[in-house]
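Chain by chain, the residues run as shown.
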Amino acid sequence: MPLGKKNRPTSAQGKIETQTVPSILTETEPVRGTTGHSPLRQTGQRRHSYEVPSAGGSELGDDRTEKSPNPDWLERELLRQEHRRYSFALGDTKLTTQQHNITYPASSLSKLKIEQRVSLENLKKLKQAFEDFEKAGTRSLGLSQFRLIIRKCLGLRDISDAQIHELFMKIDYSGQGSVEWDEFCTYMQLEYTEKEESVIRSKQVAFALPASIKPLSHGEPILRIHPTPDGTIVTVREDGTVSYWSSKLQLRKSKSVFHERPIGRTPKWATDFTIMPQYNKLIIGTGDREIQLYELSSLEPYCQLNSLETVPLKLDYCYTGPDECVIVYGDVQGCVNIILMTSVGETLRLWKKLPRVENVPSIGIDHAVQSPNMTYIRWKVHQDWVTEVKYFKSVPVVASTSNHEASALVIGCILPSTNIEQQMREIKEVCREGKPKKVAVGLGSPQQRAACDQTVFPIYKGVMTFDICKIPNLLVTGGMDRLIRMWNPYVPGRPTGILKGHSAPIFYLHISTEDSRIFSVSTDNTARIWDIQDQTCLFAAHPKASLLHGDLSACLYSSAVKGLYIATDSFALLSLKTKAEPQGCFVMSHKEVVLCCGYSVEFRQVVSCTEGSVIKIWDVDTGNQVFEYGGAHGLSAITCMTFDPKGRRLVTGGRDGCLKIWNFNNGHCLKTLSRENEGAEISDCSYLQVHRNSFIISVGWDRRIDVYLDSPEDTHHVQRPQPSWQDDLRKGHREDILCIAQCPPYLLATGSYDGEIIVWNLVSGHIQCRFLSPLPPHSEDAHRHVHFWNVLNGGKFLTSFKVSRLQQQITKLAVTQDDCLLFAADHVGYIYVYDIEQCALTLEQKPPNTVNFWRAHISSITGLQIIENDRVLLTSSTDCTVRLWSIHGEFIGTFGQPERWSLHTESSWKHPAVPYEVLIDPLSMPSHCMLEGKLTMSDVFSSGSTGSTGNTRTESESPNKVRHPLPSFSDREIEEEINSSFYPEHGKWLRHEIFKHANKTLNHGGPKAYHTLKYFDVVDAPTTCEKPDLSLAGIDPFIASSVDEKPSGI
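Everything in this summary refers to the structure shown in the same document. (Residues numbered from 1 in each chain as written. Predicted model: local features only at pLDDT ≥ 70, side-chain atom pairs only at ≥ 80, totals over all residues. Heavy atoms only, no water.)

With that settled, consider the packing of helix H6 (residues 120–135) against helix H7 (residues 143–154). Where H6 contacts H7, the axes come no closer than 9 Å and their chain directions differ by 140°. In terms of orientation, H6 and H7 fall into the oblique class. H7 is crossed by H6, and the crossing has right-handed handedness. Contacts between H6 and H7 involve Asn122, Lys125, Leu126, Ala129, Phe130 and Phe133 from the former and Gln145, Phe146, Ile149, Ile150, Cys153 and Leu154 from the latter. Split into classes, the residues belonging to the contact of H6 with H7 amount to nine nonpolar, two polar and one charged. (Axes fitted to C-alpha atoms, helices over the stretch in contact; angles between N-to-C directions. Helix = DSSP H or I, 4+ residues; strand = E, 2+ residues; numbered from the N terminus. Parallel < 35°, antiparallel > 145°, perpendicular 65-115°, else oblique. Left-handed = near helix turned anticlockwise from the far one by under 90°. Contact = heavy atoms within 4.5 Å. Nonpolar A, V, L, I, M, F, W, Y, C, P; charged D, E, K, R; others polar.)

As structure tokens, then:
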């Protein structure tokens, strides 16, 4: 099979087939084994390694101080040029193009992963290599052997040892140090499957069921639904009743436009309608062979074109140019009638002055075509009634359909093209007979198009509806055979795809280019949504769910409303379920609320889990998404997560009461840990080691501690917990357990909803100590404090202090490895940093010093982790974002943003910018006493006097004390300074002197304008200071006072 050919995979081998495209970097790097150095070594940058850095982080500290050979602005621009990858198909071979003299930072991903470059031929060679080792007695390959066969079988010269080691660790998730052929195939297959499901999940769409239904009064069916430019929906019934609706199906206006006929005469009936928004007209075709025009606003009759050859069944209109238009209609004889009009406004005004027939100014078609502003063309196209006709301005062509199989759909030109062969035959006939042959062509004789002027699509059982879109070059048809066919408009031979699923004839089709979807409705009132690329059905709304009843008469999809209007015995709207998309500068990491996040040191990856049971893996060095898989816990939310000590396996807990162990690099669920009965929600989990045994511990709403043994010898997929501790059964928590923390080697702490903390001995399972959080003077502030306890002294309380300045609940805590800094996050997205190195070490009850605080999110923070080796902070929030910050609060970026960053290139960070949603949130605005309602206007006016009693707070009591008072000047001092420096004269002569030389050229011989500028010393303010209280300086930017103040009072 050619590698370049893209086929839909049907087997395991086909699914892992990709294109082998060499990296561009191969051309720039020297061949291995030569004496030359790679570009990375020449620049002195640290090559990316997946080895665990040292705990001290000194190596990273050196990297942070290294200087890039390129300027900061160049590094930033190079990073911005490489946009985030939105798809993760294995065949995606997009590479970063670099010049010979440009290198990216060491942490950037400049090459594709090995598993993305494995072709079918490579896979066969790898299988043969594994079999050769197995024949030699080695079934499992170590790292060195694995490295050897990868280099030999793939033949990729630019593969580094670090990449091979990374792939080896992903396959060897258990850390045994060896991999087998079955494990390699399983990893590749599952990775592809999860990526495919990720793409399908990203395309998920659904209608909101049941539909919004508006009952209709008994009467004739609705012929058509048409939108207006202002969003109004227009419907016309067969009896001529025109109704105007809002986008939410609220009836605004309804009127019967047909003239009431005397009793005994057949009433007039409408066949179809369309609108002329440029001329504010409504066009209605009638069964009396008329095309009537009405005022669109008042529905008053304007004029009509009568005496047509046949009954117009389907109408279409298009504005083709300045005061030019095309009106197209199909009739019962299978003809397509085209009316080309110029000077439309003047022509319609002339028609309005003609004699009236049934109270409507009328003109016959035979008289109308004699006008120089009108051209009438009639093509004989079909052998049956025309079921639909459309004019396409961009081509321009007319497409029409019928139920006749041989001419089911015809796309033809408007005017006949020049046919050289036909002209030559006519010339020969003239020369042979001696006189030209006269052919009388009237309105009653339609013309046949030449074969070169039309494209005919023969389709089984004809076509009832169709749609054409130019951008994807797609034509879709539907008819009585219940199949939706996809065509190339220029290739009528065979369809490019067939969509099966409807059990009734197709009534309506629409191509939505912005979503790459097809909307279809069948006569049994079933609506379906199809994906164009995958040719699969994304959603089906059956009449039992949508509550649509009656015979289907008209449909319309509105991209503005994101809904499907359907007319049966009632008028209904099927709206798409849409989530609020980020607008403007908003960047979202997930579509759902993020409930937890973590960092894998082994792979340098961030893992985030959501309420929608979706797990995403991100590259911490660039912020790019690496992998994604969903449905981890079914429909239940993922509430907690942790890693095993080697960082290769992920443990998640959900609201379904289960724990699951994952190979998160390919979404392989290795084990499921749960109770026998249906468990309650798991709140927190932890992975710990006691002696040589490994355990996974979970707590939750069942108020018990579940301990699971993690043993490689246990091959059962579903594992039950160990027997509960006796102290847990008799003296355990009485409320839901919300959190868990461990203190190696043998202490474990659990905290419950009632504020009780129990410290357990992991070896014996007994309670070490227990204590209850003390209540502050105001009990409602209990959740806003951080408490310090002495665990080894029976749970002795040491001290506590209030953290949140906005009186909000503390949601997450994190401490550095040296126990010097405490990071606390609250319910509104603020992060506070405290110096706790000397806290609670003495008897002095003094709160720790605040090192820093900033707002990281606009809602509750659900994840907080310090990445010590890189000195960065990882956060997640219910605002659907996962962000990375420096340890000092500098904003690095949001995972999922279009621009990637380099973790060790500060110029690529977002700092000094902050997240846009944080910037505009009301809680992020600076506080002021007037905004908080602490002062009145009278207090402000009286604040200038020294004896004012309105403000009783002294300067020392104010939290916003000004360290450096702002300089103040009176109006008189400013006026004197201006007069003495520039304009000493006064009066009218002064104004004359100022402006009389305004248009003359400057005198460059004298002093420049900047020579007269004065300079002032700038106060060297400290880098960190409290927010100034502007009211203490006599300045209030929120009030514009009109009271004249005396200079002496300033």
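To continue, consider the side chain of Thr228. Mapped onto the elements, Thr228 comes out in the loop between strand E2 (222–227) and strand E3 (233–237). Judged by relative accessible area, which is 13%, Thr228 ranks as buried. A distance of 2.3 Å separates a polar atom in the side chain of Thr228 from a polar atom in the side chain of Asp230. When residues no more than four places from it in sequence are discounted, the contact partners of Thr228 are Val234 and Ile275. (Buried < 20%, exposed > 50% of the residue type's maximum accessible area, 1.4 Å probe, protein only. Polar contact = N/O pair within 3.5 Å; in protein donor to acceptor, adjacent residues only side chain to side chain.)

Okay, the pattern of salt bridges next. Side chains that differ in sign of charge can pair as their charged atoms come close. Enumeration over the complete set of coordinates arrives at 36 salt bridges. The closest approach of N and O atoms between Glu300 and Lys255, which form a salt bridge, is 3.0 Å. Within this pair, whereas Glu300 is found in the loop between strand E8 (290–295) and strand E9 (301–306), its partner Lys255 is found in strand E5 (residues 251–256), the two being separated by 45 residues in sequence. Glu300 gets classed as partly exposed once you look at its relative accessible area, which sits at 40%. (Salt bridge = Lys/Arg side-chain N within 4 Å of Asp/Glu carboxyl O.)

The next subject is the state of the cysteines. Per the stated rule, a full pass over the model turns up zero disulfides. A disulfide-free cysteine, Cys640 has its sulfur positioned 3.6 Å from the sulfur of Cys685, the nearest such atom. Under the relative-accessibility criterion, Cys640 is labelled buried at 3%. (Disulfide = S-S within 2.5 Å.)

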